[in-house]
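The chain contents come next:
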Amino acid sequence: MEKHLNIKDLNKVFNDPIHGHIELHPLLVKIIDTPQFQRLRNIKQLGGVYFVYPGASHNRFEHSIGVAHLAGELAKALKVKQLEQIKPLEELKELKELKKLKKLKPEYLEQLKKLQNLTPQDLKELQELMPEDLDKLKKLQNSKLEDFEKLKAEELEDLEKLVELENLDFTKLEKLKKLQNSKSEGLEELNPEDKKMLQRFKPKDVEKFEKLERLDELKKSLISDQDVLCVQIAGLCHDLGHGPFSHFFDGMFMDAIKRDKKGKADKEVTDNEKWTHEKASIEMFKHLLDQNGLKEVMKKYGLKVDEDGTDLVFIEEMIKKPQDEKPQNDAAQDNEHQNNDASKKWPYKGREEKKSFLYEIVSNKNTGIDVDKFDYFARDCHHLGIPNSFDHQRFVMFARVCDVEEDRKKTKHICSRDKESANLYDIFQQRLSIHRRACQHKIKMAVEIMLKDALILVDDHPDFKIKSSKGEMLNISQANGDMEAYTKLTDHVFERILHYQEGRKEPSSEEERKKEQDLEQAREILKRVMERDLYRCVGQAKKKSGEEIKERLKNLVNDIQEDGKDRDEVNNVTLTYNMGNEKSITKEYSYDKENSKTPEDKKKEKKEALEKIKEDLEGKLSECSPDDKFEVIDVTLDYGMENDDPLIKAYFYRKDNPDKGEPIPKSDVFSVLPDWFSDEMLRVYWKNPKELTDEQIKTKEEEFKKVFNDWCKENGYKDLNKEVPSAGRATSGNE
């Protein structure tokens, strides 16, 4: 810890291939220079994609630094625009010099008597003046008596209106609104004197009065230096919890552990069913701070890390949104339905709701528009050698914090210009392109299935166990529960298995002999990866358009049912869908109010149905060839929000009203946007034995293709295989 406190505070400059020269705060540099963060140098950003695209050798290390940089840039840009809103109002403090107005003639001095003896209360009231009014007062205060005498009649009238408007109370203001909105409504409530006075004001005068009430609110939502630093730290540390080969570890590998492991290991995984790399990132961040004494350094830079620890909580909440508190019993659930306000309680503790927009910078759970994507789009495309159509710098320039009417209250969100709405779809089109061409690549998935099989074989091998902070020896799949052990788990596990030292002592028991056989099998699988003798993809299929349309119509009905206002009105619905030259499909659906399902229930039901489909397909193929093994995986290509329009929750501001955000209907954006934002398919991989000849591979593939094609016909799927894959081993490169 002492070394961190004694180092001279200097920003450090990094030369990044994507963002150029970037400068990072000394605290960020100290976090980077820890073993826990340096671990990210050995975790590939795109996992198995490196075995397909030779340029995809970048790691989580440089991505995390890039996200920290962009998080700071966006936060600072938003702060600049906030200051632009506040600056004209802050200039009212200069009104202390208004005592010079005492030199004015008595008849005008009477009009401005409140400005002669400025008390704190006077100053507070004067903050309700607009910049234009301030300019008029400045003109008066800096003028000589003879200049004042030359004022035009309309300028004197404006001055009188200014003083009267500044003295209006809210009751009169409401009356004035009524008077301006209607020439008859509200007139009977006004006495002649009020009516005469209020009729002098124009609607723009009232608008000015209302806008100036926001000064205190704007100050409370102003981004502080501590906010910027916290946002940068969250961006830097958001991926600390990734395991070997990034999403492969918390996806394919951990899913297989939950399915395949039995006994104690299975129970431990079940207890940690909802483990994610975001949760691990928070645990690793805490471990990093404790092991390197960085909490004292954070305090030195003004962050709150002690009793209340609001800044630490804020950083953690930006990495992973806290789970909403759910009712514990039926009575609580009934009460929740009766009281919507309770269920929409502000879920965060690190920052008040006035700064809600800060949670949209690093990881935006509402729209998916965040700096994490900005960096990995640019970085992944650069290393993959594919074009990047999205310009994140343009987004930063147009982004600003606006008030949005949401759930009958104003909430602050990061909004973009209305003219940028079509361009924002480029973000999600780019995401789809990267996933289609790289992350869900057919060969990449074959490599990761082989890697998964190898890791499962050695998961509990004694020579691959990792020592925990308590001295226990943990399996590879258990290391994510102990950060000291997890720090030692990186992509290097691949090389450890592949080059495990031979000449070990002979196993002394049947159990040891079995583990050695598993280890040897794992080595053979990874050798095949290195020699490009990969598992074969023998089938791809998606639902036939008719079945797919029926499913989408069903989803549409579910969406209608979830609309609170119409829920009780929807009992039955008939929907017709037309798609190109295909026959129109009409289907009736009914809605049972008593047995409606939550979105979580629907996801679980869909997942279970998909697992049954995969088991059935694997079973059919195994009947055809009992000695062979198969694996069916589902591939989803979407815009990041399943089948929802990603911009349905995005807000935009207009040039003539830059402080107010509002949604823009898809129909007003672009006429060629897709009707559906996701697509799904099934892929079948045959774990072909190494000893087969090319001719045997070809014969078996033809046999498996026929079985697969028959299954597709029986189950409403369209077989996407156009021809039998070429026999032999997979080619190098990304074919």
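Quick look at the structure, then. Values in this document were obtained by computation on a predicted structure and should not be read as measured data. Along every chain, residues carry numbers that run from 1 in the direction the sequence is written. For this predicted model, a pLDDT threshold of at least 70 governs which residues receive local features, and a threshold of 80 or more governs which side-chain atom pairs are given and counted, while totals over whole chains, interfaces and linings are taken from all residues. For side-chain calculations, the full set of non-hydrogen atoms in the structure is used, while hydrogens and water are omitted.

### Focus on the packing of helix H25 (residues 442-458) against helix H28 (residues 510-530)
Item 1. Inter-axis angles, ranging from 0 to 180 degrees, are taken between N-to-C directions of lines fitted to C-alpha atoms, where helices are fitted over the stretch in contact. A run of H or I in DSSP counts as a helix once it spans at least four residues, and a run of E counts as a strand once it spans at least two, with each numbered from the N terminus. One way to put it is that H25 packs onto H28 with a least axis distance of 8 Å and a crossing angle of 160°. Taken together, the axes of H25 and H28 are roughly antiparallel relative to one another. In the crossing of H25 with H28, the sense of the turn from one axis to the other is left-handed. Between H25 and H28, the contacting residues are Val447, Met450, Leu451, Asp453, Ala454, Leu457 and Val458 on the first element and Asp518, Leu519, Gln521, Ala522, Ile525, Leu526, Arg528 and Val529 on the second.
Item 2. For this classification, the nonpolar set comprises Ala, Val, Leu, Ile, Met, Phe, Trp, Tyr, Cys and Pro, the charged set comprises Asp, Glu, Lys and Arg, and every other residue, Gly included, is treated as polar. For the contact of H25 with H28, the residue count by class is eleven nonpolar, one polar and three charged. Working rule for angles: under 35 degrees goes down as roughly parallel, over 145 as roughly antiparallel, 65 to 115 as roughly perpendicular, anything else as oblique. Take the far helix as your reference; a near helix turned counterclockwise from it by less than a right angle gives a left-handed crossing, and one turned clockwise gives a right-handed crossing. Working rule for contacts: check all heavy atoms of both residues, and any pair within 4.5 Å makes them a contact.

### Here's the deal with the pairing of strand S12 (residues 657-662)
Item 1. Following DSSP output, two strands are said to pair if at least two bridges run between them. Pairing analysis gives two bridges linking strand S3 (residues 400-406) to S12, with the strands arranged parallel. Of the residues in S12, the one forming a bridge with Val404 is Gly661.
Item 2. In terms of strand pairing, strand S11 (residues 652-654) meets S12 through two bridges, oriented antiparallel. The residue of S12 that forms the bridge with Arg654 is Asn657.
Item 3. Hairpin connection from S11 to S12: two residues lie between these consecutive antiparallel strands.

### Topic: the side chain of Ser416
Item 1. Along the chain, Ser416 turns up in strand S4 (residues 409-417).
Item 2. In contact with Ser416, other than residues within four places in its own chain, are Phe395, Phe398, Leu424, Tyr651, Phe652 and Tyr653.

### Considerations on the sheet that holds S3
Item 1. Within the closed barrel, the four strands sit side by side as S3-S4-S11-S12. Their pairing is mixed. Taken pair by pair, the neighbouring strands of this sheet meet at an average axis angle of 50°, ignoring direction.

### Here's the deal with unusual backbone geometry
Item 1. A positive phi angle, close to 55°, is found at Ser246, a residue other than glycine.
Item 2. By the secondary structure assignment, Ser246 is in the loop between helix H14 (225-237) and helix H15 (247-260).
Item 3. Residue burial is assigned from relative accessible area. The probe radius is 1.4 Å, only protein chains are included, and a residue is buried under 20% of its type maximum, exposed over 50%, and partly exposed in between. Taking the relative accessible area as the measure of exposure, Ser246 reaches 1% and is therefore buried.
Item 4. Unlike most non-glycine residues, Arg532 shows phi in positive territory, near 65°.
Item 5. Take Arg532: it is sitting in the loop between H28 and strand S7 (536-543).

### Here's the deal with the pattern of salt bridges
A side chain of one charge can pair with a side chain of the opposite charge when the charged atoms of the two come close.
Item 1. A pair is scored as a salt bridge if a Lys or Arg side-chain nitrogen falls within 4 Å of a carboxyl oxygen belonging to Asp or Glu. All told, the structure shown has 40 salt bridges when counted by the stated rule.
Item 2. A salt bridge links Lys354 to Glu352; the shortest N-O distance between them is 3.5 Å.
Item 3. Its relative accessible area of 36% is what places Lys354 among the partly exposed residues.
Item 4. By relative accessible area, Glu352 is classed as exposed at 54%.
Item 5. Between Arg400 and Asp659 there is a salt bridge, with the nearest N and O atoms lying 3.7 Å from each other. One end of the pair, Arg400, is in strand S3; the other, Asp659, is in strand S12, and 259 residues separate them in sequence.
Item 6. Residue class for Arg400 comes out buried when judged on its relative accessible area of 12%.
Item 7. On the basis of relative accessibility, which here comes to 24%, the residue Asp659 falls in the partly exposed class.

### Structural notes on the packing of H14 against helix H19 (residues 310-319)
Item 1. Direction vectors running N to C along H14 and H19 enclose 45°, while the axes themselves pass 9 Å from each other. Between H14 and H19, the interaxial angle falls into the category oblique. The two elements H14 and H19 cross, and the hand of that crossing is right-handed. Contact with H14, carried on its side by Asp227, Cys230, Val231, Ile233, Ala234 and Cys237, involves Asp311, Phe314, Ile315, Met318 and Ile319 of H19 and no other residues of that element.
Item 2. Its residues assigned to classes, the contact of H14 with H19 comprises nine nonpolar, no polar and two charged.

### Thoughts on the sheet that holds S7
Item 1. Reading across the sheet, the four strands line up as S10-S13-S7-S14 and stay open at both edges, with antiparallel pairing between neighbours. Of all the strands in the sheet, the pair left with one neighbour each is strand S10 (630-638) and strand S14 (717-719). For this sheet, the mean angle separating the axes of adjacent strands, direction not counted, is 30°.
Item 2. The pairing of S7 with strand S13 (residues 678-686) spans five bridges and is antiparallel. When the sheet's bridge partners are listed, Gln540 is paired in S13 with Arg683.
Item 3. Strands in contact with H25 are S7, S10 and S13; relative to S13, the strand with the most contacts, it is inclined by about 55°.
Item 4. The sheet strands contacting helix H31 (residues 694-715) are S7, S10, S13 and S14, and the helix crosses S7 at an angle near 15°.

### A few points about H31
Item 1. Its 22 residues place the ends of H31 31 Å apart at the C-alpha level, agreeing with the 32 Å of an ideal helix rising 1.5 Å per residue.
Item 2. When H31 is considered as a whole, its buried residues turn out to be Ile697, Glu701, Phe704, Lys705, Phe708, Trp711 and Cys712. One side of H31 holds all its buried residues, which, seen down the axis, span an arc of 130°. In this structure, H31 carries Glu695, Lys706, Lys713 and Glu714 as exposed residues pointing more than 90 degrees from its buried face.
Item 3. Positive backbone phi, at 75°, marks Gly716, one or two positions downstream of H31. A helix is expected to reach a length of 1.5 Å times the quantity of its residues less one. Directions pointing from the helix axis toward each C-beta atom define the arc.

### Here's the deal with a negative patch on the surface
Item 1. Every patch collects residues that have over 30% relative accessible area and no salt bridge, joining them within 9 Å if they carry like charges and within 5 Å if they are nonpolar side chains (Val, Leu, Ile, Met, Phe, Trp, Tyr). The accessible surface values rely on the Shrake-Rupley method and a 1.4 Å probe; as for residues, cover is taken only from the protein chains in view. By the counting scheme adopted, Arg and Lys are positive, Glu and Asp are negative, and His together with the chain ends is not counted. The atom standing in for a charge is NZ when the residue is Lys, CZ when it is Arg, CG when it is Asp and CD when it is Glu. Residues Glu615, Asp616, Glu623 and Glu714 make up a contiguous surface patch of negative charge.
Item 2. Here the negative patch takes three residues from helix H30 (residues 599-624), the largest share from any one element.
Item 3. By secondary structure assignment, the location of Glu615 is in helix H30.
Item 4. Residue Glu615 is classed as exposed on the basis of its relative accessible area of 54%.

### Regarding the environment of Phe248
Item 1. Within the secondary structure, Phe248 is located in helix H15.
Item 2. For Phe248, a relative accessible area of 2% translates into the label buried.
Item 3. Among all residues touching Phe248, those that are not within four sequence positions of it are Phe253, Glu448, Leu451, Lys452 and Leu455.

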